[in-house]
Amino acid sequence: MNDALNARNMLSASCHCGRIQIKVPAKSAFLIDCNCSICRRYGALWACYSLNQIEIIGHPEHSVAYLWGQQSIQTMHCAVCGCVTHWEALSTEPDRKMAVNARNFEAGVWIDVPIRHFDGADSWTYLD
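Criteria and cut-off values
- Residues numbered from 1 in each chain as written.
- Predicted model: local features only at pLDDT ≥ 70, side-chain atom pairs only at ≥ 80, totals over all residues.
- Heavy atoms only, no water.
- Core = buried A, V, L, I, M, F, W, Y, C linked by side-chain atoms within 4.5 Å.
- Buried < 20%, exposed > 50% of the residue type's maximum accessible area, 1.4 Å probe, protein only.
- Contact = heavy atoms within 4.5 Å.
- UniProt positions renumbered as here; feature names shortened; annotations may be inferred.
- Helix = DSSP H or I, 4+ residues; strand = E, 2+ residues; numbered from the N terminus.
- Pairing = 2+ DSSP bridges.
- Axes fitted to C-alpha atoms, helices over the stretch in contact; angles between N-to-C directions.

### Here's the deal with the nonpolar core
Move 1: Counting 19 residues, the largest nonpolar core has Ile-22, Ile-54, Val-100 and Trp-110 as the members making the most contacts within it.
Move 2: When neighbours within four sequence positions are excluded, Ile-22 is seen to be in contact with Leu-11, Ser-12, Ala-13, Ile-54, Glu-55, Ile-56, Thr-85, His-86 and Val-100.
Move 3: Core analysis: the next-biggest nonpolar cluster, separate from the first, contains twelve residues, Ile-32, Cys-34, Val-84 and Ala-99 among them.

### What to know about the UniProt feature "domain: CENP-V/GFA" (unreviewed entry) in the protein chain
Move 1: Those residues carrying the UniProt feature "domain: CENP-V/GFA" (unreviewed entry) are residues 11-119 in this numbering.
Move 2: Annotation note: span residues 11-119, helix share 4%, strand share 41%, distance between end C-alpha atoms 28 Å.

### Here's the deal with the sheet that holds strand E5 (residues 55-57)
Move 1: Here three strands make up an open sheet; going across it, the order is E1-E2-E5 and the pairing antiparallel. What marks the edges here is a single partner per strand, and that holds for strand E1 (11-14) and E5. Each neighbouring strand pair of the sheet contributes to a mean axis angle of 20 degrees, computed without reference to strand direction.
Move 2: Note that strand E2 (residues 21-24) and E5 share three bridges and pair antiparallel. Paired with Ile-22 across the strands is Ile-56, a residue of E5.

Quick look at the structure:
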């Protein structure tokens, strides 16, 4: 497929100040509402993708990582405005995942996408 066509069809998001911009190829099949101690405080809704599907501009130069617990992922936020933008798996496996905070996209982009509830606080399973 033509790269220019791909660029036009990408969904775009940014932190509040615009220093971090994220592009994804399409809506994910569902969003994840995780109840772990950090996600519920952030109020994030996560859209998961393979690492090679996401383009991030302004990262790492404008982002700060936060690690907690088992330190299997790092949650990134903008160093200037503080918006939580994405998380990155710390494994080195080629098929590792990354998730973007769907709340950084324009309002209404995800309105038709189902939300799945994930028990990151205890069982590490979906609750629905």
